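A structural walkthrough
So the chains spell out like this:
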Amino acid sequence: MTQALSPRFKNLIGLLLLAVLLAVVLPLVLEPFRLNMVGKYLTYAFVAVGLVLCWGNAGILSLGQGVFFGLGGYAMAMYLKLQSSTLEATKIQSTPGIPDFMDWNQITELPFFWVPFKSLPLSLLAVVLVPMAFAFIVSFPMFKRRVGGVYFAIITQALAAIMTILIVGQQGYTGGINGITDLRTLAGWDIRTDSAKTILYFVNVALLLGAIGLCLLVRGSKLGRILVAMRDKEDRVRFSGYDVASFKVFVFCLAAALAGVGGAMFTLQVGFMSPSFVGIVPSIEMVIYTAVGGRLSLFGAVYGTLLVNWAKTSFSESFPELWLFGLGALFIAVVLLFPNGLAGLYRSHVEPRIDAFLGRKGRSGSTPAPAPAE
Amino acid sequence: MNAQAATNVITDQMGPDFLLAVEGLTVSFDGFKAVDDLSFYVDENEIRVIIGPNGAGKTTVLDLICGRTKATSGSVKFKNTELTRLKEYEIVRAGVGRKFQNPSIYEDLTVFENLEISFPRGRGVFGALAFKRDAEVIGRVEEVAQTIFLADQLHQRAEYLSHGQKQWLEIGMLLIQDPELLMLDEPVAGMSVAERKKTAELLNTIIKDRSVIVIEHDMKFVEDIAHKVTVLHQGKILAEGPMAKVQADPKVIEVYLGH
Amino acid sequence: MFMGYSLGELGSIFAMQAFAGLILFSVFVLMSLGLAIIFGQMGVINMAHGEFMILGAYMTYLTSQAFQAFAPGLYGIYFFVAMVVAFCASGALGMLVEWSMIRFLYKRPLDTLLATWGLSLIMQQAFRSIFGAREVGVELPEWMMGSLAITDTIEVQINGLFVMGLTTLIAIAVYLLMFRSRWGLQVRAVVLNRPMAGAVGIDSERVDRFTFGLGCGIAGIAGSAFTMIGSTGPTAGQLYIVDTFLVVVFGGAASLAGTIASAFTISQAQSTMEFFMSGSMAKVLTLLVVVCILMVRPEGLFVLKVRR
């Protein structure tokens, strides 16, 4: 096979095309409402990108990514909620100055774990560190004891279930089933206006591109090759002097941190956070975004997320009945018929043509065909 | 710490320093003793061959030494360090290399990357992130590739190698680790006659300046390389000594060689 | 948390809660037996297991409707017919699923998980389209209503007793089938060494299909039992799936006795705690304890040490 382009060059082009699509094309063609919706989808893409490393590269399937998405989202929501619960705004409550749902649940003092969220820097740190710390606590004992495969998947799924029940059950501290709502300002800046939403969209895109860049760096390092090696022959890696568990913990924590960032951006753009983005169902749906995009492709993860969510929205708007059939069929089809997802289709159908095209013309600097799978 | 020091003194007084001392090693699976009160010693630069009928516990002994299986009782000392308490990767870092029975390589990576991963540097998470493919690494990988006859296949994916080449690659992956004790589990199994000859040659070059434990069935090959032979039978040592002596042992002929 | 109750009251509370736990235990056992057979024997995760149970529940509902419409005089025995119908319906669908989907995925257990999740979504929506989103319930035949008073303060419901008796019978039948019959021997042979089992003339594909069908069929019976203690809705199965997975894993995937013991432990813990705190906290605590134990002892509670 002729190699027309080096992998690193292809990654750069992929990143560039994605940047053009997200930061130029979509803002130009979509009205603000739709753009905000794409922004919401793109927050899931953080999870999907993390799953590419975690599941695609390292073979660790987590069915509990919603937990980390939720932790990041709640961290941001708690900060925003405290911002909007000023003494002034809550003076009709029996205890002014605490979030309204606490007051409704007869709580008279801000719980200790809410206190750090009065500070923006601490809250931003929490968005990344809390999911990471939780991922570490969960994964360290399991990977040390070589729990993997389906066992890991089931236990992470159980965690997603536990987390949802806990959040719903502890209304007074978490806002319960409604979640944390009525969020207004970030450090005094109103996030509900159209212009704020557009700015947040671009922040989101920048962070997502940064996340993909970070993952590309990780994958390009020796660590990336060790992950591939581990998925293939774990014992051989172990007997080459590597502590396999610590590599898995690292990758799982990285994916959790990315999910946390996604969650925080979700809260900012959508204006609330609730347990319905934490549980079993959203967690496994996030896996399907990665699977549709192609479990080994970081770019595919973004396109997969956009595609599935776009389909979900259009189906739910017109034929709500059909959507679950469609989603179910998608799960089955992507596993049975297209295990490499969009990226696989791109690689087997589009890429050879681009290579042939470039090969014939020599490397004349012509731009490759449009990004896969629009 | 004092106790540790004291045992060191005692072993020192016990005469020649063994590279590897296995004493009273036992492992039982549900009451079945796969290895039963086994003791043997390997000197520096010694080539030891373990032979025995199927199910004698040969592979289990290697598993026990390299930490893949946990011993029920007994001790394995490598340069006076107790190995039974260490994790697998710590044992490897201490200087014990292990080749598996079936070629165990990373099929999705190239030959170069296979060797590079085995290069003993940047073994921690952040070490691996910061790892640079510098001249030293490239030089060493190319040198080893030369030794294992794969210099031309350096950038080919390992899954396209032949069975024999895969065995060589795994040997190369061990070689680049430069272990003091090398354990090989049937290195010439499943090879064609030509490959076998080449492998014997290869093994003869790489076993210099280190101790080696080999499990092998091929008697011709064993005769060529062994300094000492240990015959295992039902998890116990049946005979031990130079090849000629072992071959003449009536018990050994009865359970193994006679067939 | 025991403040304010006399010793006698506490005794009654524990007895009543233990009995309530026994009904939960029965459903757990029936659900987990099917799952344990499929997961333990075949290594396949069936995320649609809860939906197979609900299929059995709907079949039971349909049978009861049919009896009410055409043979009200025989309503007393509808349940026995319904069980058979539920078993056959879930089992047949299970075999179809194995043939069309699962058999391509034996080497990719994580993918099976995703594919069967997709199946569960399809089944849920199918239930909703066919039976409506509202929950349906069956009317108990007269002889199953009412309760037995054991002491002044302790009384037990007859339908609960019945479900427990049924569970015991099915557990024994499964045990006999798996460990005392020739067919069970074949299943275990396939589990231990697939190529070898094939070589001695066992049709391993057929064994797989029937094993999967059997597991799903038992889930169908679990669905029948489920109608006695709760109402049936399209998504009711999903509520049980995490619990039953934990039961199976906690019990040590390959051991039927372990599955039963772990179902007992988990259901009793949950229902006892439920009396003293809110249901959701009881569930959180139970699941959390189980998850923590599994993190420390991933092989479950009842397994043998085997040579790798």
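For the structure, see preceding data.
Described below are features of the structure shown in this document. (Residues numbered from 1 in each chain as written. Chains lettered and ligands numbered in written order. Predicted model: local features only at pLDDT ≥ 70, side-chain atom pairs only at ≥ 80, totals over all residues. Heavy atoms only, no water.)

**Structural notes on the overall build of chain B**
Along its length, chain B carries eleven helices and ten strands. Against the globule reference of 18 Å for 259 residues, chain B gives a C-alpha radius of gyration of 19 Å, in line with a compact fold. For the C-alpha atoms alone, the extent of chain B along its principal axes is close to 50 × 50 × 35 Å. The buried share of chain B, taken over its 259 residues, is 54%. For chain B, the accessible surface area stands at approximately 11,500 Å², while carbon and sulfur atoms represent 51% of it. A gap of 2 Å separates the mean positions of the 29 positive and 38 negative side-chain charges of chain B. (Helix = DSSP H or I, 4+ residues; strand = E, 2+ residues; numbered from the N terminus. Rg over C-alpha atoms; globule rule 2.2 N^0.38 Å. Buried < 20%, exposed > 50% of the residue type's maximum accessible area, 1.4 Å probe, protein only. Areas by Shrake-Rupley, 256 points an atom, 1.4 Å probe, with all protein chains shown as cover. Lys, Arg positive; Asp, Glu negative; His and termini not counted. Charge placed at Lys NZ, Arg CZ, Asp CG, Glu CD.)

**Describing the pattern of salt bridges**
Enumeration over the complete set of coordinates arrives at 39 salt bridges over all chains. Measuring nitrogen to oxygen at the nearest pair gives 3.0 Å for the salt bridge that ties A:Arg225 to B:Glu116. Here B:Glu116 lies in helix H4 (residues 111-118) and A:Arg225 lies in helix H9 (residues 222-232), a pairing that spans two chains. Judged on exposure class, the residue A:Arg225 and its partner B:Glu116 are both buried. Across the pair B:Arg68 and B:Asp63 runs a salt bridge whose closest N-O atoms are separated by 3.6 Å. On the accessibility criterion, B:Arg68 (25% relative accessible area) is partly exposed. For B:Asp63, a relative accessible area of 7% puts it in the buried group. Residues joined by salt bridges that share partners form a network here, namely A:Glu234, A:Asp235, A:Arg238, A:Lys248, B:Asp63, B:Arg68, B:Arg98 and B:Asp185. (Salt bridge = Lys/Arg side-chain N within 4 Å of Asp/Glu carboxyl O.)

**What about the pairing of strand S1 (residues 20-29) of chain B?**
Residue and element names in this part refer to chain B. Among the ten residues in S1, nine count as buried, and that is most of the element. Examined bridge by bridge, S1 and strand S2 (residues 32-42) share seven bridges and lie antiparallel to one another. For Leu 25, the partnering residue across the bridge sits in S2 and is Leu 38. With antiparallel pairing between neighbouring strands as the criterion, S1 and S2 make up a hairpin whose turn holds two residues, including Asp 30 at a positive phi of roughly 55°. Pairing of S1 with strand S4 (residues 73-78), which is carried by five bridges, proceeds in the antiparallel orientation. Residue pairing in the sheet places Thr 26 in a bridge with Ser 73 of S4. (Pairing = 2+ DSSP bridges.)

**Some points on the sheet that holds S4(B)**
All names here are of chain B. Judged by pairing direction, the sheet is antiparallel, and its four strands sit side by side in the order S2-S1-S4-S5 without closing on themselves. Of all the strands in the sheet, just S2 and strand S5 (81-82) have a single pairing partner and so form its edges. Against the sheet, helix H2 (residues 58-65) engages S1, S2 and S4, with an angle of about 65° to S2. (Contact = heavy atoms within 4.5 Å. Axes fitted to C-alpha atoms, helices over the stretch in contact; angles between N-to-C directions.)

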